[in-house]
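Topology and contacts: notes
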Amino acid sequence: MLDVGIVGLGPAWEPRYRSALLRLNDRIRVRAIYDPIRGRAEQAAAEFRAVCCQGLLSTISLSRVQAILLLDHAWYRDAALSILINNNKPAFVADFSTFAPQARFAGDSLRSNHTPMLIPALELRYEPAICRLRELMATRLGAVTEIEIDLPSDTRELQSNRALTAACDLCGYLVATPPTHIRPIKPDCVEVRFKQSRRVSEAAIVRLRLLGSADGSSVAPAAKPNADALTIRVNCQRGSAVLAADNTITWTHAESTRIECLDEERSETEVLLDLFCRRMHGGLIPVPTPGDAARAAATAAAIESCRRTGEPHRL
């Protein structure tokens, strides 16, 4: 059993985290809760039989709390990170943009700097359709050669667009090599070329089409950057797949096409929290890192620069 403290409930608490934690109550026990809105914290604490804490520091520094779920950073984002590091407290960080401006998270030297385990919620990796696609890649479809993604976009500030950053991370996760070049194709489309893998004869290519409204104004990014907000088409060595907004995957292999509905699968939030718990108990489980989040944010910023200038960009 992993004893956790929750810092910040926020808008995602009810639709996502509350239900996931209730389903994981045999693995994760909520011991303490802090939220700037006292009434909301008291209500959640009563439901989970937890202590309602008075402040950020008192929650993170509790000795009986093994890890923190930082679900809403509010105004105390940088303070929370500093306190977590100073108290050597591992944490699940719901807002992966927390790591984007932090230069110290861009590399892979966190462990040597004695930083506690911090896991950003790059949940798009664990959407049911993405998990199924990964299984098919390993068993039938082979490595990725091309990806096309249509996603809503705030055209003014793409580097702060959670959907774009999540999509950049997803592409790197599926291709399994870093991006090397970005070039504009059309005003609403960019092409990202990735480093060539030993498994394929050519470098993988990703085309990102950033959708705006018909009148040319920007479209606010989705509050939850999940696969429901995206249309994803993937070509692999031995087949292809289309991930649709209704939580289905249509895949083709050897001239045979199948459609699978994944509504009964575990949610991406539950899967990632479960992985966090298993990693905390010493399991050798691959999980997202702050470096992953920082690199995805840097790629998103490079895409914005490429679209703004119309010039190719080398990463």
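Heads up: these notes are all about the structure in this document. (Residues numbered from 1 in each chain as written. Predicted model: local features only at pLDDT ≥ 70, side-chain atom pairs only at ≥ 80, totals over all residues. Heavy atoms only, no water.)

Quick notes on the pairing of strand 11 (residues 231–236)
- In strand 11, alternate side chains face the same way, and those of Ile232, Val234 and Cys236 are buried while those of Thr231, Arg233 and Asn235 on the opposite face are not.
- As defined by bridge partners, strand 11 adjoins strand 12 (residues 239–243) across 5 bridges and the pair is classed as antiparallel. Looking across to strand 12, one finds that isoleucine 232 is bridged to leucine 243.
- Linking two consecutive strands that pair antiparallel, namely strand 11 and strand 12, is a turn of 2 residues. (Buried < 20%, exposed > 50% of the residue type's maximum accessible area, 1.4 Å probe, protein only. Helix = DSSP H or I, 4+ residues; strand = E, 2+ residues; numbered from the N terminus. Pairing = 2+ DSSP bridges.)

Description of the pairing of strand 9 (residues 189–194)
- Counting buried positions along strand 9 gives 5 out of 6 residues, so the element sits mostly inside the fold.
- Sheet analysis places strand 8 (residues 179–186) next to strand 9, joined by 6 bridges and oriented antiparallel. The partner of proline 179 across the bridge, within strand 9, is phenylalanine 194.
- In this structure, the hairpin formed by strand 8 and strand 9 is closed by a connection of 2 residues.
- Inspection of the sheet shows strand 9 paired to strand 10 (residues 205–211) by 5 bridges, in the antiparallel sense. In the sheet register, cysteine 189 faces strand 10, and the bridge partner there is arginine 209.

Let's talk about the pattern of salt bridges
- Using the criterion set out here, one finds 24 salt bridges in the structure.
- Notably, a salt bridge pairs aspartate 3 with arginine 31, separated by 3.1 Å at the nearest N-O pair. Of the two residues, aspartate 3 sits in strand 1 (residues 2–7) while arginine 31 sits in strand 2 (residues 28–34), which places them 28 residues apart along the sequence.
- We classify aspartate 3 as buried; its relative accessible area is 9%.
- Judged by relative accessible area, which is 26%, arginine 31 ranks as partly exposed.
- Arginine 183 serves as the salt-bridge partner of glutamate 191, at 3.0 Å between the closest nitrogen and oxygen.
- Under the relative-accessibility criterion, arginine 183 is labelled partly exposed at 41%. (Salt bridge = Lys/Arg side-chain N within 4 Å of Asp/Glu carboxyl O.)

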